[in-house]
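Each chain, letter by letter, is given below.
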Amino acid sequence: MKITDACVCPYPCGDSSVRRMALEARDLGFERIVAKDVPSGEVYGIELYTGILIRDMPLRDLVNRIRREKNSHAVVSVQAGDSGFNRAVITTKGVHILRGIQSADRHAFDHVTARMAADNRVAVDIDLSPMISGRGIARQRAIHRYRDIMVLEQRFGFPLVISSHARSVLEMRSVREITGLCSLIGMDIPDVEKAFSGIDTVTTPPDAAVRVI
Amino acid sequence: MGTRPPTLREKRRYLLVALEPAGTAVDQKDLYYALSDATTQLWGDATAAVITPAVVASEGQFFIIRCRRGTEHELAIALSTITTCRDTRIALRMVAASGTIESLRERIRCRMSPGPDQLAPGECIFDKKTFQLSQCNGQKVDVIEKGFKNTNRLFLTREDMEEL
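Throughout what follows, the structure given in this document is the object of discussion. The structure presented is a predicted model; accordingly, all values stated were derived computationally and were not measured.

1. Brief notes about the overall build of chain B
Broken down by element type, chain B carries 4 helices and 10 strands. Along the three orthogonal principal directions, the C-alpha set of chain B runs to about 60 × 35 × 25 Å. Each of the 164 residues in chain B was classed as buried or not, and the buried ones make up 30%. Partitioning the contacts of chain B with sequence separation of at least 6, the portion at a separation of at least 24 is 53%.

Okay, here's the thing in structure tokens:
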């Protein structure tokens, strides 16, 4: 199990180089980060995964894009849309993470979608940026949505991942701070530990249903 | 009103936090306002009144923050939601918690680096833009974009610099 920040956006999306983010992640207690549009590797003892964020794309184009990235070993995240879109995305092979649930429609992630996510081992992203930098109703809405997701997670057991979505080293938070922030949405320490290693769950292929002995 | 005897005083805890980015000048009072705002926004007036946060001391990039004993966890969460102080982007990293200010001062003395590495004042070019070297602490190098309008700060490492 490696403690992972499931999404950071280094330069040119943000103001920090990927090396600096890796250095900061090491100081903050992480062992791995998923960095957007950066080649995978290891920097300062931190494992780097390539992250691909797909948003505002029709389903057909999205499927083609995912097919192109099939052999790149990148972590593919798709921005959540309405309920039909989310169900289609979850059943698409090659999608690892459904992100942006907090800003999607209230009914975009229901019990049916939750069961599908559990069956297809697609993780739901807990993006902490609205809780860190958001204020007022925006933060309240995010906390409410995440609490709702936690209820579904307890029931159906789909994977969760935690991301800071940091565009700067100043937006990154330590493991302890993230554990504290997650307590606001009803996650206890075992839940947070499980979510930190959620990337392993979605990137490792599932055990075969039938094993030849 | 006279000072209460020690057994009747309310118990307090002190948190040591480090301010980032290094070299940012932040006034103690401004930080108090940012802290008070963050605590109230997150926990509401009633809990903020119980926490009673206060910035009691500062040494370089370190600040000592006071709260009521038992509310350190809530204060630490509120601290992690501070992103700006008077329009300056900052981050507060919690270093330690203690029952006395003196023990935190010792921690500061232990952690105080010999000082930011001296960089030759100069310019560098990164991504076809000119930057002024600002801070250097170990591997970490901060640069500031030159110009009249945009003075963005970039966070790089020495290895990034070698590639410039």
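After that view, the rundown keeps rolling.
2. Side note on the overall build of chain A
Along its length, chain A carries 9 helices and 8 strands. Seen along its three principal axes, the alpha-carbon backbone of chain A occupies a region of about 40 × 40 × 40 Å. In chain A, buried positions account for 46% of the 213 residues. A separation threshold of at least 6 residues defines the contact pool for chain A, and within that pool the share at least 24 residues apart is 66%.

3. What to know about the interface of chain B and chain A
Taken together, the contact between chain B and chain A spans 23 residues of the former and 18 residues of the latter. Elements represented by at least two residues in the side of chain B that touches chain A include exactly α2 (72-79), β6 (91-98), β10 (153-157) and α4 (158-162) of chain B. With 5 residues, the top contributor of residues to the side of chain B that touches chain A is β10(B). Looking at side-chain class alone, the side of chain B that touches chain A contains 8 nonpolar, 8 polar and 7 charged residues.

4. A few points about the nonpolar core
Grouped burial of nonpolar side chains is what soluble globular proteins tend to show. Core analysis: the largest hydrophobic core is formed by 97 residues, its most contacted members being A:Ile33 and A:Leu98. For this core, the element with the most residues is helix α1 (residues 28-51) of chain B, which contributes 7 residues. Each of domain 1 (11-111) and domain 2 (123-162) of chain B gives at least three residues to this core. In this view, A:Ile33 contacts A:Thr4, A:Asp5, A:Val8, A:Met21, A:Ala22, A:Ala25, A:Ile46 and A:Leu48; residues no more than four positions away in its chain are not counted.

5. Observations concerning the sheet that holds strand β7 (residues 123-126) of chain B
Spatially, the 4 strands line up as an open sheet ordered β7-β8-β9-β10 (chain B), and their pairing is antiparallel. The open sheet is flanked by β7 and β10 of chain B, the only strands paired with a single partner. Taken pair by pair, the neighbouring strands of this sheet meet at an average axis angle of 45°, ignoring direction. For strand β9 (residues 140-145) of chain B and β10(B), the ladder comprises 5 bridges, and the chain directions are antiparallel. Bridge pairing in β10(B) links B:Val143 to B:Leu154. Relative to β10(B), helix α1 (residues 18-27) of chain A is tilted by about 75°, and along the sheet it contacts β9 and β10 of chain B.

6. Section: the packing of helix α3 (residues 83-90) of chain A against helix α4 (residues 111-120) of chain A
Residue and element names in this part refer to chain A. Contact geometry for α3 and α4: axes closest at 9 Å, N-to-C directions at 15°. One way to sum up the angle between α3 and α4 is to call them roughly parallel. The interaxial crossing formed by α3 with α4 has left-handed handedness. In contact with Ser 83, Asn 86, Arg 87 and Ile 90 of α3, α4 contributes Thr 113, Met 116, Ala 117 and Asn 120.

7. Considerations on the sheet that holds strand β2 (residues 54-59) of chain B
The strands making up a sheet associate through hydrogen bonds between their backbones, and the pairing can be parallel or antiparallel. Residue and element names in this part refer to chain B. Taken together, 4 strands build an open sheet; the order of strands is β2-β3-β1-β6 and the sheet is antiparallel. Bordering the open sheet on either side are β2 and β6, each of which pairs with just one other strand. The mean inter-strand angle of the sheet, taken between neighbouring strand axes irrespective of direction, is 30°. Inspection of the sheet shows strand β1 (residues 12-20) paired to strand β3 (residues 62-68) by 7 bridges, in the antiparallel sense.

8. Structural notes on the pairing of strand β2 (residues 32-36) of chain A
All names here are of chain A. Burial analysis of β2 places 5 of its 5 residues in the buried class, the great majority of the element. Of the two faces of β2, the one carrying Arg 32, Val 34 and Lys 36 and the one carrying Ile 33 and Ala 35 are both buried. Across 3 bridges, strand β1 (residues 4-8) lies against β2 in parallel orientation. Among the inter-strand pairings, Asp 5 is bridged to a residue of β2, identified as Ile 33.

9. Some words on unusual backbone geometry
Here A:Tyr11 and A:Pro12 are connected by a cis peptide whose omega angle stands at 15°. Counting through the fold element by element, A:Pro12 comes out in the loop between β1 and α1. For the peptide bond that leads from B:Glu20 to B:Pro21, omega is 0°, which places it in the cis range. Tracing the backbone shows B:Pro21 in the loop between β1 and α1. Notably, A:Tyr44 is not glycine yet its phi reads approximately 50°, a positive angle. If you check the backbone angles, A:Arg121 has positive phi at about 55° while not being a glycine.

10. Considerations on the pairing of β1(A)
Judged by how many residues are buried, β1(A) sits mostly within the fold: 5 of 5 residues are covered. Regarding the hand of the β-α-β motif, the stretch spanning β1(A), α1(A) and β2(A) is right-handed.

Definitions and limits used
Residues numbered from 1 in each chain as written. Chains lettered and ligands numbered in written order. Predicted model: local features only at pLDDT ≥ 70, side-chain atom pairs only at ≥ 80, totals over all residues. Helix = DSSP H or I, 4+ residues; strand = E, 2+ residues; numbered from the N terminus. Buried ≥ 20, exposed ≤ 12 C-beta atoms within 10 Å, placed from the backbone. Contact = placed C-beta atoms within 7 Å. Nonpolar A, V, L, I, M, F, W, Y, C, P; charged D, E, K, R; others polar. Core = buried A, V, L, I, M, F, W, Y, C linked by C-beta atoms within 7 Å. Domains from an automatic or database assignment. Pairing = 2+ DSSP bridges. Axes fitted to C-alpha atoms, helices over the stretch in contact; angles between N-to-C directions. Parallel < 35°, antiparallel > 145°, perpendicular 65-115°, else oblique. Left-handed = near helix turned anticlockwise from the far one by under 90°. Right-handed = clockwise from strand over helix to strand, strands pointing away.

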